[in-house]
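Architecture at a glance
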Amino acid sequence: MKILIADDEEHVREGIELAVDWGKFGVTERLMAEDGRQALKLIRSHQPAVLFCDMSMPGMDGTELLRLLREEGWDTQVIVVSGYDAFQYTRAAIRASGVDYLLKPFRKSDLEQALERAVAAWRERESHLQEKRETGYRLRQADALLDEQKLAAYFKGEAAFSEAIRGIFYKVGLQAERIRAALVLPRNRMGLVDRRFFGDGELFVFAVNNIAHETLKPYGSHYLCRLDDYQWSLLTSAEEAYRTPGDFKRYMDKVAEAWRNTLGLEALVGLGEAEASAETSPSAVAAARAALLKCNLLGGAGTPGIRSGPSKEPPRLTDQQILLQAALKSENKAYAAEIIQSFTRSLREQGALSLKELQAYTVEANLLLERASRLVLSGREAADLFMPLWISDLDEWERMLIQQWWRLMEEAGGEGFGSRGIQTIRDYMHVHFQEDLSLSVLSEKFHFSPQYIAKKFKELYNTTVMTYLTECGWKRPSRSSSTRRCLSPKWPQRLGTQTRIISAKCSRSRRAPLRCSTASSSDIHRFLFSAKILSAFPAAGLVH
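To start, this report covers the structure provided alongside it. Because the structure is a prediction, the values reported are computed rather than measured.

So, on to the side chain of Thr318. Summarising the element assignment, Thr318 is placed in the loop between helix 10 (281-293) and helix 11 (321-329). Judged by relative accessible area, Thr318 falls into the buried class, the value being 19%. Among residues more than four places away in sequence, those in contact with Thr318 are Glu364 and Leu368.

On to the packing of helix 5 (residues 108-155) against helix 6 (residues 163-171). Where helix 5 contacts helix 6, the two axes come as close as 10 Å, and the packing angle between them is 125 degrees. Between helix 5 and helix 6, the crossing angle belongs to the class labelled oblique. Here the hand of the crossing between helix 5 and helix 6 comes out left-handed. Seen from helix 5, the contacting residues are Asp143, Asp147, Lys150, Leu151, Tyr154 and Phe155; seen from helix 6, they are Ile165, Ile168, Phe169 and Lys171. Among the residues making up the contact of helix 5 with helix 6, the classes are represented as 6 nonpolar, no polar and 4 charged.

This part takes up the sheet that holds strand 9 (residues 267-271). By definition, the strands of a sheet pair up through backbone hydrogen bonds, in either a parallel or an antiparallel sense. With antiparallel pairing, the 4 strands of this open sheet are ordered in space as 7-8-6-9. Each end of this open sheet is capped by a strand with a single partner; those strands are strand 7 (220-228) and strand 9. Here the strands of the sheet are splayed against their neighbours by 25 degrees on average, with no regard to which way each runs. Here strand 6 (residues 180-186) runs beside strand 9; their pairing, made up of 5 bridges, is antiparallel. Bridge assignment links Val184 to a residue of strand 9, and that residue is Val269. Lying over the sheet, helix 8 (residues 201-216) contacts strand 7 and strand 8 (231-238), oriented at roughly 155 degrees with respect to strand 7.

By the criterion of burial, strand 1 (residues 2-6) is predominantly enclosed, with 4 of the 5 residues buried. Here strand 1 runs beside strand 2 (residues 29-33); their pairing, made up of 5 bridges, is parallel. In the strand pairing of strand 2, Ala6 is matched with Ala33. Crossover strand 1 to strand 2 through helix 1 (residues 10-19) is right-handed.

Strand order in this open sheet of 5 strands is 2-1-3-4-5, and the pairing throughout is parallel. Two strands bound the open sheet, and with one partner strand each, they are strand 2 and strand 5 (100-103). The sheet shows a mean angle of 15 degrees between the axes of neighbouring strands, taken without regard to direction. Pairing of strand 3 (residues 50-54) with strand 4 (residues 77-82), which is carried by 5 bridges, proceeds in the parallel orientation. Across the sheet, residue Asp54 finds its bridge partner in strand 4, namely Val81. Across the sheet, helix 1 lies against strand 1, strand 2 and strand 3, angled at about 170 degrees from strand 2, the strand it touches most. In the packing of helix 2 (residues 36-46) onto the sheet, the strands contacted are strand 1, strand 2 and strand 3, and the crossing angle to strand 2 comes to about 150 degrees.

In this section: the pattern of salt bridges. Note that side chains of opposite charge can pair when their charged atoms are close. Under the counting rule described, the total for this entry stands at 25 salt bridges. For Glu112, the salt bridge goes to Lys24, with nearest N and O atoms at 3.8 Å. Note that Glu112 is positioned in helix 5 and Lys24 in the loop between helix 1 and strand 2, a separation of 88 residues in sequence. According to the relative accessible area criterion, Glu112 is buried, its value standing at 15%. The exposed category is assigned to Lys24, whose relative accessible area is 55%. The residue Asp147 makes a salt bridge to Lys171 at a minimum N-O spacing of 2.9 Å. Of this pair, Asp147 sits in helix 5 while Lys171 sits in helix 6; the two residues are 24 residues apart in sequence, bridging distant segments of the chain. Asp147 gets classed as buried once you look at its relative accessible area, which sits at 6%. Accessibility expressed as a relative area gives 46% for Lys171, which makes it partly exposed. Through salt bridges that share partners, Glu64, Arg67 and Glu71 make up one connected network.

Its 16 residues give helix 8 an end-to-end C-alpha distance of 23 Å, which sits within 8% of 22 Å, the value for a rise of 1.5 Å per residue. Within helix 8, 14 of the 16 residues are buried, which leaves it mostly tucked inside the rest of the structure. You can read the cap of helix 8 off the contacts: a side-chain oxygen lies 3.3 Å from the backbone nitrogen of Glu202, and it is on Asp200.

Another point: the packing of helix 16 (residues 439-446) against helix 17 (residues 450-461). Their axes nearest at 8 Å, the elements helix 16 and helix 17 cross at an angle of 100 degrees. The pairing of helix 16 with helix 17 is recorded here as roughly perpendicular in orientation. Residues Leu439, Leu442 and Ser443 of helix 16 touch helix 17, and the partners they reach there are Pro450, Ile453 and Ala454. Residues belonging to the contact of helix 16 with helix 17 are distributed by class as follows: 5 nonpolar, 1 polar and no charged.

Summed over all chains, the structure comprises 13 aromatic pairs. Aromatic pair Trp22 and Phe52: ring centres 6.3 Å apart, planes at 80 degrees, arrangement edge-to-face. Pair noted here: Trp22 is in the loop between helix 1 and strand 2 and Phe52 is in strand 3, with a separation of 30 residues, a long-range link. For the pair Trp22 and Phe52, a shared accessibility class is recorded, and that class is buried. With centroids separated by 4.9 Å and ring planes inclined at 40 degrees, the aromatic side chains of Tyr219 and Tyr251 adopt a geometry described as tilted. Within this pair, whereas Tyr219 is found in the loop between helix 8 and strand 7, its partner Tyr251 is found in helix 9 (residues 245-263), the two being separated by 32 residues in sequence. Grouping residues by exposure puts Tyr219 and Tyr251 together as buried. One cation-aromatic arrangement involves Lys254 over Tyr251; the distance from NZ or CZ to the ring centre is 4.5 Å.

Rules and cut-offs
Residues numbered from 1 in each chain as written. Predicted model: local features only at pLDDT ≥ 70, side-chain atom pairs only at ≥ 80, totals over all residues. Heavy atoms only, no water. Helix = DSSP H or I, 4+ residues; strand = E, 2+ residues; numbered from the N terminus. Buried < 20%, exposed > 50% of the residue type's maximum accessible area, 1.4 Å probe, protein only. Contact = heavy atoms within 4.5 Å. Axes fitted to C-alpha atoms, helices over the stretch in contact; angles between N-to-C directions. Parallel < 35°, antiparallel > 145°, perpendicular 65-115°, else oblique. Left-handed = near helix turned anticlockwise from the far one by under 90°. Nonpolar A, V, L, I, M, F, W, Y, C, P; charged D, E, K, R; others polar. Pairing = 2+ DSSP bridges. Right-handed = clockwise from strand over helix to strand, strands pointing away. Salt bridge = Lys/Arg side-chain N within 4 Å of Asp/Glu carboxyl O. Expected span 1.5 Å × (residues − 1). Polar contact = N/O pair within 3.5 Å; in protein donor to acceptor, adjacent residues only side chain to side chain. Phe/Tyr/Trp six-rings, centres within 6.5 Å; stacked < 30°, edge-to-face > 60°. Lys NZ or Arg CZ within 6 Å of the ring centre and 35° of its normal.

Have a look at this one:
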């Protein structure tokens, strides 16, 4: 907190400065001014919380200074200090929202009491303004999320075009004509959110948005719209210099490369071939989706390719139903995982797998889960026991299907199922907290679904897994250099240019690519969380 002492008499300024224990009031900096003009300049530069103001000064006196403060709308609290006990000065102080009026000579106790009231009034006002800013931010965020939901419904054919939809295009900075659409599938989203973002999906989307924003700045206006967790539509309106389909593809490749280099995100990108208008943009999104359905998921990560015909009869997941039900009945998680892993190995041996074919297997997987759920839960419903249709990475598909069968076993096992296992997990975390642990890592090691670990850990220990790991790290710092790096207060300085893109605070010049491996996952999570709170972006899901 800063204070300003404005008085033309040096001994008065020094007297006020020496009379107060400033640290007791939270004052960190004291500024001095000899007249009103100098005081006004300092107020404009430093925005002090409290002003001690003499009313009789050469050049610009206190009355004029207070009038200008009121006109310019400064929140500085004023303590009038004067040797003239005149009503007009008192009235000027009151009109300028002054909190006190001290007549020279004054006592130290009077000075401190006036300062205490001024500081309290300033803090109360700051708290009110902060609350108002936070409320405004939340409203803007909710408004942006509502706009995104409306556009998502429009692109999925669930809502008709209207002037309200056109208005959203203008609001996010897109032209109503000459729009290009790309459909983005984040391939390793589940593992990435868990390992690098500690399960915070909104923080992940925030980072993805900011990287796209930085990369596409030269290209033109753009908007990333989440149709669901696994489908994102990236709309662009290019500047005149970048109107060709080749330019569009080149910039989409740049975005995918930036996501991969900065976050480790592998994305499958389908492009709409032709430009569209606001009215026809769903057709452009559909064209991008159709291109993705033909992609060979067993080719290079994020590189679409047309599937050639398989050399032998493709396997069927429904053929594994009897084996999976046997594993379910015996509550043998390792056996269930082995069955699913054996099936995905047979898919890889085919040499090619299109997204459309994987979606057919997803439908089969959901059918098996539904049948097994009816069999073992006796009418009870298990939440979220289904596979998302647009998952596009076979490794992630395999992990999710295994976890869903484990969850089904856990749901069927009742309240006491696995409590001892959760205690074992906590003991393991207590010893291995310095390692790169996540819910996925713990899930694979102990054969519990991440959802079950999170739920039971909270029930048993009244804290989250990630909070417990963080507390272990701070309470028991390791001697290893890697742990010292993780706990070092200087972690923001080590993140590198590519990581700083996430908070949209980096320079436009990024010549040498730098991986996020320069900082630990927990470092990046703390940095991203701070960036998210302080960022000027209106909401996750809105980039323009």
